[in-house]
Amino acid sequence: MLSVFSPELSSLSASVLCDWCKTCVLPVALPSLGPGDLQLSLLEIGCSGRFELFLSIPFFSLCVPQSSCLSQLPHGLPPTGLDLRAEVETRFLSDPEWLPIHDTDSAFQKVVQRKRQVESLLHCAVSPMHSGLSVVRDPTTGMLLDFNEVLLEDTGLSSKNSLSLLRPPGPPSESLRGSNTNYPFLPGKMADIITIIVPLYYPCDDPCSVSPGLLTVAPGLKAGMDFAAKGLLVSHNLHMFPHTDSTSAPSQSATSSEGKKEGRVEKEGEPVEEKKRWAIPVDISSPCEDFYKRIPDPAFKWAFMWLDVFQKQAILRLEVHDSVFVAAHTSAGKTVVAEYAIALSQKHMTRTIYTSPIKALSNQKFRDFKNTFGDVGLLTGDVQLNPEASCLIMTTEILRSMLYNGSEVIRDLEWVIFDEVHYINDAERGVVWEEVLIMLPDHVSIILLSATVPNAVEFSEWIGRIKKRSIYVISTLKRPVPLEYYLYTGNSTKTQKELFLLVDSAGNFLTKGYYAAVEAKKERTSKHAQSFGAKSSSQNTTASQDRAVWLALLHFLSQQQLTPVVAFTFSRTRCDDNARALSSMDLTSSVEKSEIHSFFQKSLSRLRGGDRQLPQILLMRDLLKRGIAVHHSGILPILKEVIEMLFSRGLVKVLFATETFAMGVNMPARTVVFDSIRKHDGTGFRNLLPGEFIQMAGRAGRRGLDATGTVIILCKAGVHDMGDLHAMMLGKPTVLQSQFRLTYTMILNLLRVEALEVTDMMRRSFSESHRDTQVPEKRIAQLRKKLASLPPLDTDGQLADLVPFYQTLTELRVTSENLQRAVMESVNGLKALSVGRVVVVNNSQHCNALGVILQVSNDSTNRSFTALILCEKGKEEGGAEPQSSIATLQHLYNPAVFIPDGPCGHTVQKLKLQDISAITTKTLKVIPERIIDNYNKRQQPRFRLDPPGQAISTATQELLRLAESNPTGIATLDPVNDLQLKGIEVVEASLRMRALQESLREFNCVHCPTFSEQVLERMSIQEELDTLLFLVSDQSLLLLPEYHQRIRVLESLNYVDCKGAVQLKGRVACQISSHELLLTELLFENTLSPLAPEESAALLSCLVFTQNTQTVPHITSTLQEAIDRVLSVAQRIGELQRDCGLAQSAEDFVAQFKFGLTEVVYCWARGMPFSEIAQLTDVQEGTVVRCIQRLDEVLREVRQAARIVGDSVLGSKMEKASLAIRRDIVFTASLYTH
């Protein structure tokens, strides 16, 4: 529609007809021109609100075909929609008929006469161009010859409707973290699956197919039309995905639901492709001598001149933009690979994201990379520094949020570096790594840095398969500083030198050292003490005994110049106690004391005066001056940073730390001491795993300073068991295991994007990595081809009841298998399977063959039975062809016992429980040893022609006599009457089995001459095909039942509708990272609205505090009522989840919300000093600070959720609560960032 606005038309009432659609358009009247006004015409083009200004033209020019001077679009001007806003204002605000009869004064006050602002016509909203100009130049001279107008594609894309990287950028406010209304960018190679739903723009080999860029299946529909056959035109549709060249076309073996892929069968005669290996191990055994020839101008140069072979190989892969997995020991130099990737991105003017598992590690890496590269930014929950930098450091959770919310940072991203990848084994947070790896777009390369893991190739194979790109695995077991492991049995000054070498620097386990330690410990053990070894290792020692051991050991290490020392203690309380017990030890010189004092005072100068006098700070200041420190989660964050920096400078000689210190940056020590080798993992005490031990022991040995690193294990109560020590020190590290689980946030974030499905995410997870559907799909194609080659099945006459027969037979098979399993697992059933019992054998080689049990294995888990079985002569050694899966079911409808057609043969085989289909009432007297020995003897070539022995001949004849006397079936033990299995499942299965067996006799199809040949073969193929189709379908996903259960929960709470569309509550829940259901329900039930800001903060502390506390908080009545409401809502959600089938009980769901810090947070938000709130609880100061910091993130999420709902009052209240808690020592800036 063409609308022309000009001053000349303002007084005309004539209409202008649009040449394109012949629609009548009324011109809009404008005020008369003034002396300073320009005569302009405004042309609106299209329905997107694009305008163009021209000098005013006389009205008569519209009567001639000069509209081409205003538009040269090849298809004419597109239609223009009505301006709804102007129409609403005209009808409802300006029309007197809509004005109220009463209270007209206030009504007229709302209608304000619009002032003329001609200048506003010069500021039109930017709209996308539908066409552009291409330049035509002379190929020889380059002279400009002409311009051609070309139509632009993808002009309607936006972050609200497209996954494509071609979509225009969103508003600047959403460029960094994105928005929960944005679509994510298309995950790498997710198009292989999405093609099933919405066809993408891949070139097609079929000449009859539609052109690339055209849709044959409408979005949202499962099936389309064959336009090629009908010769119809195909409509254009908006591009939802980026264009992809033919090299990245989806693999024909993409893992997806076979039910969606019907009709995509491999062409007959095509050669079967070899299975591609995506993980490529790199050989680092030979030196890379041509490194500097291949990279003459490296992107980054280190201060040191040498590089290890594994570092060189990784850098060579980075230069060609390959993805790498680098597995090496602690302090081996994995950071070199990360540094080169950052330098490459700066050289290429792209961006790199460095992710870490914990916030403290992010801060430390920020300082290191900031000093090295300068252009580095930091993104954590409460800190945002230099977000425009080329290298961004963040936690993995923040990167996941950016991917889901379509952050613009992803466009320029070249590398994502995952540090400490072995953290994927964390049960709570490991799923985040898998989500991020799946959601990364195609153009992003991946760098994985990990400690040594045994399944690095398997993990890389999974990543390569879901990304359809090679992952180069570079693994080294070499330590830059070899380690020596010692046992220490001393406990006083006299015995302080009792240090026994257990594993030398070459990795040899020395039993001589172990027994020497045992003897040394035994000499001091009194006659009435418990025995030494593993039993005594569990004894607890007193505080005075511990103090004596530490004083003796540290005095010895100081004399031997084996400091600094990291002493790993798996208890925060014991860390503190051990440090306090060393009050008489001073390990620093006067110069070091002065340096420590100066650094300590300078670091804490930013704190308030009262905060500097906290008991923990005063205690740590005294310890640090003597070279002793403590590092665990209960220490104040700023104090931990002071300790880390002093330790890295060599001023801390002894550091008592928990396991979290080993997760930090490279802070090596001369010696590592283990207070114990047992830890509590949340459920009980256990020995350290090899991976955990190696991670902590790897802190010993400083590269370039120490020839070897020293690792000492204390034997305070006794020497640990040799087997435990050997397994811990030299055992294989923990394998990378999937911790993938479904969360409501994940489900909702994927449901809000039509093109993405939760089943796709589940299918691509590491837990489903065993689902390599490439081989099954090839087998499926073969079976379909074979099935199609069979002659058509005549279902008339005797085969008319074939289908119900097959259904009945299938049900009978399932029922008999369940009944058989119940019998074999029962005590009476196993008793009946004793030596001499005659059984009916059915497996791939035997059908209704009689056998007698000769031997029963003692393995209760994989019990097997050695039996003598009748068979045809000449087929004793497994010469019989294996029967098809359906043929093995012949015994279900034909109970006739096997009788040899010719001479009777026999075989001795080991049977599994499932091979025995029935236990008969008959027993035989046999001599098992003679039968087995004689049979084994005759299997040797020299005795193969010997006749069977007397024992085996007698048993074979007895079995043949039983078969010939019971040709139609032999009597078997009844599970209910004979074996006395009275369980209701067994009784029902037994009755059902009898009924099914009776009904099978009524079918006529079994009497058809071609039944066994044609029907059974067809059924066999069809059954195998159905099994494979199930394996490659969504129905075989391990988490699919839980997914349906969680969907039912979301539907019951109105987060999604019955069709899976995300509703308002679901959009709000997408903003929340944890406990999304509870927080959303509280928001919609107005639980937070009546509360003051400090009360809201105190109430929400239950979402971040996870410890148990002995103190009872004193809170207001209003807050207590709110707590009761929270518990009530949590109980309701827990019961709903249980009703929908989820395993977690309502009690467990409610129990995860702890209110122990409610009073602390309430008082802190009201301005109470930290020194006073620390007296209100028994929770350590560091834990309190960390909870309040996490609480600020929750308040920010609630504020954003309130704005989505439209509750501005609650949003401002959350902002006030956030400002109230963001103060003083809790939110002091990190020393690493300043």
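Residues numbered from 1 in each chain as written. Predicted model: local features only at pLDDT ≥ 70, side-chain atom pairs only at ≥ 80, totals over all residues. Heavy atoms only, no water.

Asker: Can you tell me about the overall build of the protein, naming the residues and giving the values?
Answerer: Looking only at helices and strands, the protein has 39 helices and 30 strands in total. Within the protein, the fraction of its 1234 residues that count as buried is 50%. Pairs at least 24 residues apart make up 73% of the contacts formed inside the protein by residues separated by at least 6 positions. Of the roughly 59800 Å² that the protein leaves accessible, carbon and sulfur atoms contribute 53%. (Helix = DSSP H or I, 4+ residues; strand = E, 2+ residues; numbered from the N terminus. Buried < 20%, exposed > 50% of the residue type's maximum accessible area, 1.4 Å probe, protein only. Contact = heavy atoms within 4.5 Å. Areas by Shrake-Rupley, 256 points an atom, 1.4 Å probe, with all protein chains shown as cover.)

Asker: Quick one: what's the story with helix α30 (residues 1040–1052), residue by residue and with numbers?
Answerer: In an α-helix, one turn spans 3.6 residues; hence positions three or four apart end up facing the same way. Here α30 is 13 residues long and its end C-alpha atoms lie 18 Å apart, about the 18 Å a rise of 1.5 Å per residue gives. Every buried residue of α30 is accounted for by Leu1040, Tyr1043, Gln1045, Arg1046, Ile1047, Val1049 and Leu1050. Tucked into the core, α30 has its buried residues touching α20 (744–751), α21 (758–763), α32 (1076–1084) and α34 (1117–1139). Residue Asn1054 follows α30 closely and has a positive phi angle near 65 degrees. (Expected span 1.5 Å × (residues − 1).)

Asker: Tell me what's going on with the packing of helix α9 (residues 396–404) against helix α10 (residues 430–439), and back it up with residues and numbers.
Answerer: The relative placement of two packed helices is expressed as an angle between their axes plus a distance between the axes. Running from N to C, α9 and α10 cross one another at 40 degrees; their axes reach a closest spacing of 9 Å. Comparing their axes, α10 and α9 come out oblique. The crossing of α9 and α10 is left-handed. Contact residues: α9 offers Thr396, Glu397, Leu399, Arg400, Leu403 and Tyr404, while α10 offers Val432, Trp433, Glu435, Val436 and Met439. (Axes fitted to C-alpha atoms, helices over the stretch in contact; angles between N-to-C directions. Parallel < 35°, antiparallel > 145°, perpendicular 65-115°, else oblique. Left-handed = near helix turned anticlockwise from the far one by under 90°.)

Asker: Any chance you could break down the packing of aromatic side chains for me, citing the residues and the numbers?
Answerer: Evaluation of the coordinates by the stated rule reveals 20 aromatic pairs. On the numbers, 6.0 Å between centres and 70 degrees between planes, the contact of Phe325 with Phe459 is edge-to-face. In this pair, Phe325 sits in strand β9 (residues 323–327) while Phe459 sits in helix α11 (residues 456–467), placing the two residues 134 residues apart along the sequence. Taken as a pair, Phe325 and Phe459 share a single burial class, namely buried. (Phe/Tyr/Trp six-rings, centres within 6.5 Å; stacked < 30°, edge-to-face > 60°.)

Asker: Would you mind going over the sheet that holds strand β14 (residues 413–418) in detail, with residue names and values included?
Answerer: Strand order across the open sheet formed by nine strands is β8-β16-β9-β15-β14-β10-β13-β11-β12, with mixed pairing between neighbours. Pairing within the sheet leaves two strands with one partner each, and these edge strands are β8 (279–281) and β12 (384–385). Here strand β10 (residues 351–356) pairs with strand β13 (residues 391–395) via five bridges, running parallel. Directly across from Ile353, in β13, lies its bridge partner Leu392. The strands touched by helix α8 (residues 359–373) are β10, β11 (376–379), β12 and β13; relative to β11, the strand with the most contacts, the crossing angle is about 170 degrees. (Pairing = 2+ DSSP bridges.)

Asker: I'd love a proper account of the sheet that holds strand β22 (residues 671–674), names of residues and values included.
Answerer: If you walk across this open sheet you meet the seven strands as β18-β17-β25-β22-β19-β21-β20, and the pairing is mixed. Each end of this open sheet is capped by a strand with a single partner; those strands are β18 (499–503) and β20 (628–631). Neighbouring strand axes in the sheet, compared pairwise and without regard to direction, differ in orientation by 25 degrees on average. Bridge count for β22 against strand β25 (residues 709–714) is four bridges, and the pairing is parallel. Paired with Val673 across the strands is Ile712, a residue of β25. Contacts from helix α12 (residues 511–523) reach β17 (483–488) and β18, with the element oriented near 150 degrees to β18.

Asker: Could you give an account of the environment of Ile353, with specific residues and numbers?
Answerer: Relative to the helices and strands, Ile353 is located in strand β10. Ile353 gets classed as buried once you look at its relative accessible area, which sits at 0%. Separated by 56 residues in the primary sequence, Ile353 and Val409 have C-alpha atoms spaced 9.4 Å apart. When near neighbours in sequence (up to four residues on either side) are disregarded, Ile353 contacts Leu392, Met394, Leu399, Met402, Val409, Leu413, Trp415, Val416 and Ile417.

Asker: Run through the environment of Ala456, naming residues and quoting values.
Answerer: Inspection of the secondary structure assignment puts Ala456 in helix α11. As a C-alpha pair, Ala456 and Phe325 span 131 residues in sequence and 7.5 Å in three-dimensional space. Ignoring sequence-local partners within four residues, the contact set of Ala456 consists of Phe325 and Val473.

Asker: Help me get a handle on the side chain of Gln1045, residues and values and all.
Answerer: Its location among the elements puts Gln1045 in helix α30. Of the residues examined, Gln1045 reaches a relative accessible area of 16% and is grouped as buried. A distance of 3.5 Å separates a polar side-chain atom of Gln1045 from the backbone oxygen of Gly1141. Those residues in contact with Gln1045 that lie beyond four places of it in its chain are Cys1140, Gly1141 and Leu1142. (Polar contact = N/O pair within 3.5 Å; in protein donor to acceptor, adjacent residues only side chain to side chain.)

Asker: Got a sec to walk through a nonpolar patch on the surface? Specific residues and values, please.
Answerer: A surface patch of nonpolar side chains, amounting to about 390 Å² of accessible area, comprises Leu133, Val135, Leu144 and Phe147. Mapped onto the nonpolar patch, the elements with two or more residues apiece are β6 (131–137) and β7 (144–151). Following the sequence through the fold, Val135 ends up in strand β6. Under the relative-accessibility criterion, Val135 is labelled partly exposed at 42%. (Patch = residues over 30% accessible without salt bridge, like charges linked within 9 Å, V, L, I, M, F, W, Y side chains within 5 Å. Salt bridge = Lys/Arg side-chain N within 4 Å of Asp/Glu carboxyl O.)

Asker: Could you give me a rundown of the environment of Asp1192, with the residues and numbers involved?
Answerer: Considering the arrangement of structural elements, one finds Asp1192 in helix α38 (residues 1181–1205). The class for Asp1192 is buried, based on a relative accessible area of 1%. It is 9.6 Å that separates the C-alpha atoms of Asp1192 and Ser1101, two residues lying 91 residues apart in sequence. Those residues in contact with Asp1192 that lie beyond four places of it in its chain are Asp382, Ser1218, Ile1221, Arg1222 and Phe1227.

Asker: Just give me the short version of the side chain of Ser816, but keep the residues and values in it.
Answerer: In this fold, Ser816 is placed in helix α23 (residues 802–825). Contacts of Ser816, omitting those with residues within four sequence positions, involve Leu892 and Met993.

Asker: Any chance you could break down the pattern of salt bridges for me, citing the residues and the numbers?
Answerer: The full count for this structure, using the stated rule, is 39 salt bridges. Close ionic contact of Arg703 with Asp308 constitutes a salt bridge, the shortest N to O distance being 2.9 Å. Here Asp308 lies in the loop between α5 (291–294) and α6 (309–319) and Arg703 lies in the loop between α18 (690–697) and β25, a separation of 395 residues in the sequence. A residue is classified by how much of its surface remains accessible, and Asp308, at 21% relative accessible area, is partly exposed. Among the salt bridges present, the one from Asp586 reaches Lys593, with a minimum N-O distance of 2.7 Å. Relative accessible area serves as the criterion here: at 43%, Asp586 is assigned to the partly exposed category.

Asker: Describe the pairing of strand β27 (residues 849–856), listing the residues and the values that go with them.
Answerer: Counting buried positions over the eight residues of β27 gives six, a clear majority of the element. Bridging between strand β26 (residues 837–841) and β27 involves four bridges; their strand directions are antiparallel. What sits directly across from Val838, in β27, is Val852. When β27 meets strand β28 (residues 864–872), the two strands line up antiparallel, connected through five bridges. Residue pairing in the sheet places Val856 in a bridge with Phe865 of β28.

Asker: Residue-level account of helix α14 (residues 572–581), with values.
Answerer: Among all positions of α14, only Cys575, Asp576, Asn578, Ala579 and Ala581 are buried. Where the residues of α14 are buried, they touch α13 (543–559), α16 (615–625), β20 and β21 (654–657).

Asker: Can you explain the confidence of the model for the protein? Please cite residues and give values.
Answerer: Mean pLDDT over the protein: 81, with 80% of residues reaching 70 or higher. In this model, residues 57–72 is a region of pLDDT below 50 whose contacts with residues beyond four sequence positions or in other chains number eleven contacts. (pLDDT = per-residue confidence, 0-100.)

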